[in-house]
Amino acid sequence: MLSVKGLVESGTLKDVPSKYAYGRNPEEHISLDEERIPIIDFSLLTRGTPNQRFKVIRDISNACQEWGFFMVINHGVPKKLRDEMINSIESFFDLAEEEKQEYAGKNSLDLIRYGASFNVTIDKTLLWRDYLKILVHPHFEYSKRTREVANELLKGVSRSLGLEENYITKRMEVEVGSQMFVTNLYSPCPQPEIAMGLLHHSDYGLLTLLIQNHLGGLQVMHNGSWVPINPLPDSILINIGDHMEILTNGKYRSVVHRAVMNKEGTRISIGTAHGPPLKSIVRPAPELANPASYRGIKFRGVPRASTE
Ligand SMILES: O=C(O)CCC(=O)C(=O)O
Ligand SMILES: [Fe+2]
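Analysis parameters
- Residues numbered from 1 in each chain as written.
- Chains lettered and ligands numbered in written order.
- Predicted model: local features only at pLDDT ≥ 70, side-chain atom pairs only at ≥ 80, totals over all residues.
- Heavy atoms only, no water.
- UniProt positions renumbered as here; feature names shortened; annotations may be inferred.
- Helix = DSSP H or I, 4+ residues; strand = E, 2+ residues; numbered from the N terminus.
- Buried < 20%, exposed > 50% of the residue type's maximum accessible area, 1.4 Å probe, protein only.
- Lys, Arg positive; Asp, Glu negative; His and termini not counted.
- Salt bridge = Lys/Arg side-chain N within 4 Å of Asp/Glu carboxyl O.
- Polar contact = N/O pair within 3.5 Å; in protein donor to acceptor, adjacent residues only side chain to side chain.
- Contact = heavy atoms within 4.5 Å.
- Donors = N, O, S within 2.8 Å, 3.2 Å for Na, K, Ca; no water.
- Core = buried A, V, L, I, M, F, W, Y, C linked by side-chain atoms within 4.5 Å.

An unreviewed UniProt entry annotates the protein as Fe2OG dioxygenase domain-containing protein of Hevea brasiliensis. Recorded under Sequence similarities (unreviewed entry), the UniProt text for the protein is reproduced unchanged: "Belongs to the iron/ascorbate-dependent oxidoreductase family."

Following this line, the structure appears as structure tokens:
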């Protein structure tokens, strides 16, 4: 299958080819308000006074219950490292199609998978996105640094639920857990309102960390509207994943989101999904489940087609 990047670069594309035309729900509402998702100051969570930590943990609780999304500032992941990640992903997508095809894994358990999106829920509609998914090696610097941030946030999340700070990391064996990179390239689109970059979905895992280049495009479902997210410069976006929803017995929900394109430039985003080891069974924490509203499920099932 031709990548969207290949399609865009193959000539002068004036219109979106019909197979990329996505039938939007005419009832959908996109928020025009400047709504800001909550901001969490990571440095206060890890190095603040007891009072400051208490307040940040309360903010995490509110953010997780009201939005399922928040942005983290002062997280300590250097700008240089984040830029290098974005640049190296860009270089991968710049390779010749035949070279990239060598990484086109067929199986959801392949360690590396390159592809162009195929939305099978709507017959023959394609998504305006090329992706590279990598089950990450833990010694890779960006992997290490994002894991550190995720682990500290998981401690904050545990405390925000009234649990001991290492509760989630221990119960989910996060130290030996899995980390998956999902890198997305959304090429400029001549009619962004007609196509879709990434269909509405929720994320796998416990927590996802997301960085992006200078262009926005993420929209989060909040109170029945799609809210465009404009992260603060240098912040990292965080969202609750499906397995956190199960673990918390639905107290913190994995919120639906999607990605749209723009006409002007290529948007790149890199999500890092943090979860337990692949073999784990995730079930509601007994402390939060009276009664349990979810069954235990295998962590590594088949990812849904909408995010493929
Ligand atoms: O590109 C984005 O902003 C969203 C990416 C995303 O939701 C995902 O990869 O799961
Ligand atoms: Fe996502």
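Moving on, we get to the side chain of Arg267. Tracing the sequence through the fold places Arg267 in strand S12 (residues 267–275). Despite being buried, Arg267 has no salt bridge partner; Asp203 is the closest side chain of opposite charge, sitting 11 Å away. In this structure the side chain of Arg267 is engaged in a polar contact, spanning 2.6 Å, whose partner is the side chain of Gln212. A distance of 2.9 Å separates a polar atom in the side chain of Arg267 from the backbone oxygen of Leu215. Among all residues touching Arg267, those that are not within four sequence positions of it are Asn184, Leu185, Tyr186, Gln212, Asn213, Leu215, Gly216, Gly217, Leu218 and Ala259.

By the element assignment, Ile168 lies in helix H7 (residues 167–171). Expressed as a C-alpha distance, the spacing of Ile168 and Leu247, which sit 79 residues apart in the sequence, is 8.6 Å. Excluding anything up to four places from it in sequence, Ile168 contacts Leu154, Val157, Ser158, Leu161, Glu173, Val174, Leu206, Met244 and Leu247.

Looking now at the coordination of the iron ion (ligand 2). Of the protein atoms, only His201 (NE2), Asp203 (OD) and His257 (NE2) coordinate the iron ion (ligand 2), at distances of 2.1 Å. In primary sequence terms, the donor set of the iron ion (ligand 2) follows H-x1-D-x53-H. Linking His201 in strand S6 (residues 198–201) with His257 in strand S11 (residues 257–259), this pair joins segments that are 56 residues apart in sequence. The exposure classification of His201 matches that of His257, with both residues buried.

Nonpolar side chains tend toward joint burial in soluble globular proteins. Core analysis: the largest hydrophobic core is formed by 50 residues, its most contacted members being Phe70, Leu153, Ile168, Leu206, Ile238 and Met244. What Ile238 contacts, discounting residues up to four positions off in sequence, is Gly68, Phe69, Phe70, Val72, Leu153, Leu207, Thr208 and Leu209. Judged by nonpolar contacts, the second largest core, of 12 residues, contains Leu7, Val16, Ala259 and Met261.

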